[in-house]
Amino acid sequence: MSSLPERLTAVNQRIRRAEQAAGRPEGAVRLLAVSKLQPPEALVLAYRHGQRYFGESYLQEALTKQISLTHYAISWHFIGPVQSNKTRAIASYFAWVHSVDRLKIAHRLSEQRPSHLPALNICLQVNISEEPTKAGIRPEQLPELVAAVAKLPRLRLRGLMALPARESDFEKQRAPFRRLRHLLEGFSQYGLDTLSMGMSEDLEAAVMEGATWVRIGTAIFGART
Ligand SMILES: *Cc1c(COP(=O)(O)O)cnc(C)c1O
């Protein structure tokens, strides 16, 4: 069994190799360590080995961890479903939200973002594989949402996020990531710079198609219990 620091190093090496294979500059892709359902000690260990960006999916669990890790310079990202009654806390305690898929939620986040903090970084989650049960806005509804969210004063719209259906074949993994990149390219007038895509099993395909954040849980922390 490898240790957490070894696994973190291996993931960073996978990212650097994938950047090279894609002809992208070193550091073009950032690692978001997805720490949901992991204890604070695991985050501290990753932090001691240089990891600064952590992604959480469950608000209550994330806030409990934030309290016990107050003294660490962590950038917290929310990547789970956002319900209306959670927006105030999310707007107050996170630097990024990757999973916005409705205007109502974006409005609330903008209204509730505390004035002493910089604008909240936002990615719009797209249901890129168009699966009926999955979160995310449908691609054809995206232009309207982008235009509306871009106007909200306390949000900074950064780009798009997707969580495609799992595939093991590299070319099949690439297809939805490529679709997401093409969607982003259609919004060039908005100055978007972010594609949040790629997880433990498919990060190489995502980096090949332009990911700027990869969201990695299992490959760093091991299986979630
Ligand atoms: C859990 C989760 C991940 C990480 O998945 P792994 O397969 O463990 O790397 C990434 N993104 C989102 C939105 C998640 O919920």
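This one's a predicted model, so the numbers in the text were calculated from it and none came from an experiment.

(A) A look at unusual backbone geometry. One non-glycine residue, L37, lies in positive phi territory at about 65°. Locating L37 in the fold gives a position in the loop between β1 (30-34) and α2 (40-48). By relative accessible area, which is 39% here, L37 ends up partly exposed. Residue E130 is not a glycine yet carries a positive backbone phi of 50°. With respect to the element layout, E130 can be found in the loop between β5 (120-126) and α6 (142-150). The class for E130 is partly exposed, based on a relative accessible area of 49%.

(B) Region of interest: helix α3 (residues 59-68). All of the buried residues along α3 are L59, A62, L63, K65 and Q66. The arc that holds the buried residues of α3, viewed along the axis, is 165°, so those residues lie on one side. Exposed residues lying more than 90 degrees from the buried face of α3 are Q60, T64 and I67. On the buried face of α3, the contacting elements are α2, β2 (53-56), β3 (75-78) and α4 (87-93).

(C) Region of interest: the nonpolar core. Ranked by internal contacts, the top residues of the largest apolar core, which has 62 residues, are L109, I122, L124, V214 and I220. With sequence-adjacent residues up to four places away left out, I220 is seen in contact with L4, R7, L8, V11, L31 and A33. Among the nonpolar cores identified, the runner-up in size contains seven residues, and I79, W96, M161 and W213 belong to it.

(D) Region of interest: the site of the ligand. Taken together, 14 residues form the shell around the ligand, and within it K36, S200, G217, T218 and R224 come nearest. In this structure, K36 approaches the ligand through a side-chain N or O atom, which is 2.6 Å from an oxygen atom. Contact distances for the ligand include 2.9 Å between a nitrogen atom and a side-chain N or O atom of R215. Protein chains bury 92% of the 390 Å² of accessible surface belonging to the ligand in isolation. Residue composition of the shell around the ligand, by class: six nonpolar, four polar and four charged.

(E) Quick look at the pairing of strand β8 (residues 213-216). Of the two faces of β8, the one holding W213 and R215 and the one holding V214 and I216 are both buried throughout. Note that β1 and β8 share four bridges and pair parallel. Its bridge partner being in β8, R30 is matched across the sheet by W213.

(F) Quick look at the packing of aromatic side chains. Taken as a whole and assessed by the stated rule, the structure comprises six aromatic pairs. Seen from their ring centres, W96 and W213 are 5.6 Å apart, and the 85° between their planes marks the pair as edge-to-face. Of the two residues, W96 is situated in strand β4 (residues 96-100) and W213 in strand β8; the sequence distance between them amounts to 117 residues. In this pair, the class of W96 matches that of W213, namely buried. Site record: aromatic cluster; members linked through ring pairs are Y53, W96 and W213. Of note, R30 hangs over the ring of Y53, and the distance from its end group to the ring centre comes to 5.5 Å. Its guanidinium or amino end placed over the ring of Y47, R52 lies 3.6 Å from that ring's centre, counting from NZ or CZ.

Rules used in this analysis
- Residues numbered from 1 in each chain as written.
- Predicted model: local features only at pLDDT ≥ 70, side-chain atom pairs only at ≥ 80, totals over all residues.
- Heavy atoms only, no water.
- Helix = DSSP H or I, 4+ residues; strand = E, 2+ residues; numbered from the N terminus.
- Buried < 20%, exposed > 50% of the residue type's maximum accessible area, 1.4 Å probe, protein only.
- Arc of directions from axis to C-beta.
- Contact = heavy atoms within 4.5 Å.
- Core = buried A, V, L, I, M, F, W, Y, C linked by side-chain atoms within 4.5 Å.
- Near = heavy atom within 4 Å.
- Polar contact = N/O pair within 3.5 Å; in protein donor to acceptor, adjacent residues only side chain to side chain.
- Areas by Shrake-Rupley, 256 points an atom, 1.4 Å probe, with all protein chains shown as cover.
- Nonpolar A, V, L, I, M, F, W, Y, C, P; charged D, E, K, R; others polar.
- Pairing = 2+ DSSP bridges.
- Phe/Tyr/Trp six-rings, centres within 6.5 Å; stacked < 30°, edge-to-face > 60°.
- Lys NZ or Arg CZ within 6 Å of the ring centre and 35° of its normal.

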